[in-house]
Amino acid sequence: MSAHLTTVAGVPVDTRHWIGGERVASAATFTDTSPIDGAPLAEISRGTPAEAAAAVAAARAAFPGWAATPPAERARLLRAVADGVDRRLEDLSLVETTDNGALLRSHRRGVMPRVAHNFRFFADRLEELEHEDFTTRDHTNHVTWDPAGPCVLITPWNAPLMLATWKVAPALAAGNTVVLKPAEWSPLTASLLADIAAEAGLPPGVLNVLQGYGSEVGDALTSHPDVRRISFTGSVPTARHIAASAAPHLTPLSLELGGKSPLLVFADADLDLAADLAVEQYDNAGQVCLAATRILVEESVAEEFTRRFVDRASRLRQGDPRDEATDIGPNIHPRQLDKIDGFVRRALADGARAVIGGHRGEGQYYAPTLLTDVRQDSEIVQEEVFGPVLTLQTFTGEDEAVRLANDTRFGLAATLVTGDPSRAARVSARLVAGTVWVNCFFVRDLRAPFGGSRDSGVGREGGNWSFDFYCDVKNTVTAPKGWNDHG
Ligand code: NAP
Ligand code: MG
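Quick caveat, the model's predicted, so the values are computed rather than measured. (Residues numbered from 1 in each chain as written. Chains lettered and ligands numbered in written order. Predicted model: local features only at pLDDT ≥ 70, side-chain atom pairs only at ≥ 80, totals over all residues. Heavy atoms only, no water.)

Engineer: It is not clear to me how helix α10 (residues 302-313) should be interpreted in this structure. Could you clarify?
Structural biologist: Owing to its 3.6 residues per turn, the α-helix aligns residues three or four sequence positions apart on the same side. Along its 12 residues, α10 runs 16 Å from first to last C-alpha, staying within 8% of the 16 Å computed at 1.5 Å per residue. Listing the buried residues of α10 in full gives Ala302, Phe305, Thr306, Phe309, Arg312 and Ala313. Seen end-on, α10 carries its buried residues on one side only, within an arc spanning 130°. Exposed side chains of α10 directed beyond 90 degrees from the buried face belong to Glu303 and Arg307. (Helix = DSSP H or I, 4+ residues; strand = E, 2+ residues; numbered from the N terminus. Expected span 1.5 Å × (residues − 1). Buried < 20%, exposed > 50% of the residue type's maximum accessible area, 1.4 Å probe, protein only. Arc of directions from axis to C-beta.)

Here is the structure:
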């Protein structure tokens, strides 16, 4: 076996970059570990700025050919990638779980099928993309979505392949070429995606995968003059850095960032539903951007809601994410665990009370935590923890509910539970959020716009919003025959 192939959960994974249809090794490597037991998994190529430039050059070289490929053929190739994902669903699930610690059962039944769906959805959408022509003083207006050029896509570790393909699929469908840089804590499935894309027949250079630390290769990608779009999912500080780096070339950005989303429970709510939705916020060990981590409950039902919540939370099984019975797996990295614990300790020192949890578990696990007696302006209410840590506050009446819900610098999502449809309409209209869920959570259709308000992001992707971002939208105005004839 090549020195660059490593076996993870029985699956061979290439540890090199994928640039211009070839595997390229860096001189240096970094060690990727598993959150399950901290064991080293692979020595991954540690990209350099020169390799980043080579990846952009490969994307640029492949762009004219891919942009000129008829939409039906691009769609066919994207569907072939989807078929490849389906065929390797078990491999992808096992490798992702080993690499980032998220539940195997979720990868098998939810996440990886969704990865395939990302490709099929945008293939279908591409073929349907049209705008009815209209006339202006007898001139026709014809709108087209032209490919924009090489795109840099930078993604986080909490749902690695899912979030990567949510960008890769529309970018490729649009006729662009791509450099994907996955997160260093979970780099493996991006490499498998390169294998799948090559096998599906995607031409060399159309999809490139660059491994390496964002701090080392990021600027070389985001400040590159040949890059026409940057789509980033990750934290607010990194987004600020990327925006500054992209500014000299005014490279258009799509930013999907953090959140501190509220879950509003009104006294007229189905409290069992509310408790179910609240406990769901521990999914992926709380490492979900959309998680509704601030539970806001109407005073009169707070005690009963808390009782039902604690009852459910106490039945959650924390353990090995490969075990189908596990509900909560490990957190991604010892550094993330320290960060989570720091937030909780400072909150407790500040007067918060742990209803459940409030401490580390064994190994790389954190006990599911609910903190109450928290002040609205405190760090634990205002900052994203990105771990299994929720806060609980009470309110009286809609005005206070809305005030507390909107009072952070984020605006990614909001969930409200109420039995009164007119209240649902009133309150959702007043919430600042890219997505509002009423009596449900995490229902994400690819046709819907997705993104955040305020510090939670810039722009929207999903459906035709993705094509609006990844394309140079053009209007061609044509005069009728003879319109300009003189004499
Ligand atoms: P992060 O630290 O910002 O990293 C995200 C990506 O950016 C990684 O690939 C990272 O590379 C890269 N990066 C780091 N420094 C860079 C630089 N100077 N230039 C270019 N790229 C750079 O975020 P994270 O901790 O991985 O992810 C968690 C955050 O993502 C949370 O805030 C969460 O809410 C957010 N998130 C948002 C959404 C959404 O859709 N709104 C979805 C999921 C997650 P390396 O890690 O390899 O160095
Ligand atoms: Mg890992």
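On we go.
Engineer: When you look at the site of ligand 1 in this model, what are you seeing that I'm missing?
Structural biologist: Surrounding ligand 1, one finds 30 residues, the nearest of these being Glu184, Ser235, Thr238, Leu257 and Glu384. Between an oxygen atom of ligand 1 and a main-chain N or O atom of glycine 212, the distance comes to 3.4 Å. Here glutamate 256 contributes a side-chain N or O atom positioned 3.4 Å from an oxygen atom of ligand 1. Isolated, ligand 1 exposes 910 Å² of accessible area, and the fraction of that covered by the protein chains is 88%. Only α7 (214-222), β12 (229-233) and α8 (236-246) provide two or more residues apiece to the shell around ligand 1. Its residues assigned to classes, the shell around ligand 1 shows 14 nonpolar, 12 polar and 4 charged. The two domains that each donate at least three residues to the shell around ligand 1 are domain 1 (5-257 + 452-475) and domain 2 (262-438). (Near = heavy atom within 4 Å. Polar contact = N/O pair within 3.5 Å; in protein donor to acceptor, adjacent residues only side chain to side chain. Areas by Shrake-Rupley, 256 points an atom, 1.4 Å probe, with all protein chains shown as cover. Nonpolar A, V, L, I, M, F, W, Y, C, P; charged D, E, K, R; others polar. Domains from an automatic or database assignment.)

Engineer: Even after reading the chapter, I still don't get the pattern of salt bridges, so can you show me in this structure?
Structural biologist: Oppositely charged side chains may form a pair once their charged atoms are brought near each other. In this structure the tally under the stated criterion is 42 salt bridges. Between arginine 360 and aspartate 338 there is a salt bridge whose closest N-O contact spans 2.6 Å. On the criterion of sequence distance, the pair formed by arginine 360 in the loop between β16 (353-356) and β17 (369-372) and aspartate 338 in helix α11 (residues 334-349) is long-range, its members being 22 residues apart. The class of arginine 360 is partly exposed, set by a relative accessible area of 35%. A residue is classified by how much of its surface remains accessible, and aspartate 338, at 44% relative accessible area, is partly exposed. (Salt bridge = Lys/Arg side-chain N within 4 Å of Asp/Glu carboxyl O.)

Engineer: Looking at this structure, I do not really get α8. What am I missing?
Structural biologist: The complete set of buried residues in α8 reads Val236, Ala239, Ile242, Ser245 and Ala246. Residues of α8 that are buried in the fold lie against β9 (151-154), α7, β12 and β13 (253-256). (Contact = heavy atoms within 4.5 Å.)

Engineer: Explain the domain arrangement of the protein here, please?
Structural biologist: Accessible area lost upon the coming together of the parts serves often as the stated size of an interface. For the protein, the assigned domains are domain 1 (5-257 + 452-475) and domain 2 (262-438). Contact residues are listed per partner, giving 25 residues for domain 1 and 30 residues for domain 2. Between domain 1 and domain 2, a total of about 2,400 Å² is buried, with carbon and sulfur atoms accounting for 53% of that surface. The interface formed by domain 1 and domain 2 contains 4 salt bridges. Between arginine 109 and glutamate 324 there is a salt bridge; the shortest N-O distance is 2.7 Å. At the boundary of domain 1 and domain 2, one finds 16 residue pairs in polar contact (both at pLDDT 80 or more). Looking at the side of domain 1 that touches domain 2, the elements with two or more residues in it are α3 (89-100) and α4 (104-128). Per-element accounting of the side of domain 1 that touches domain 2 gives the leading share, 4 residues, to α4. Residues of the side of domain 1 that touches domain 2, tallied by class, amount to 9 nonpolar, 8 polar and 8 charged. (Buried area = accessible area lost by both parts, 1.4 Å probe.)

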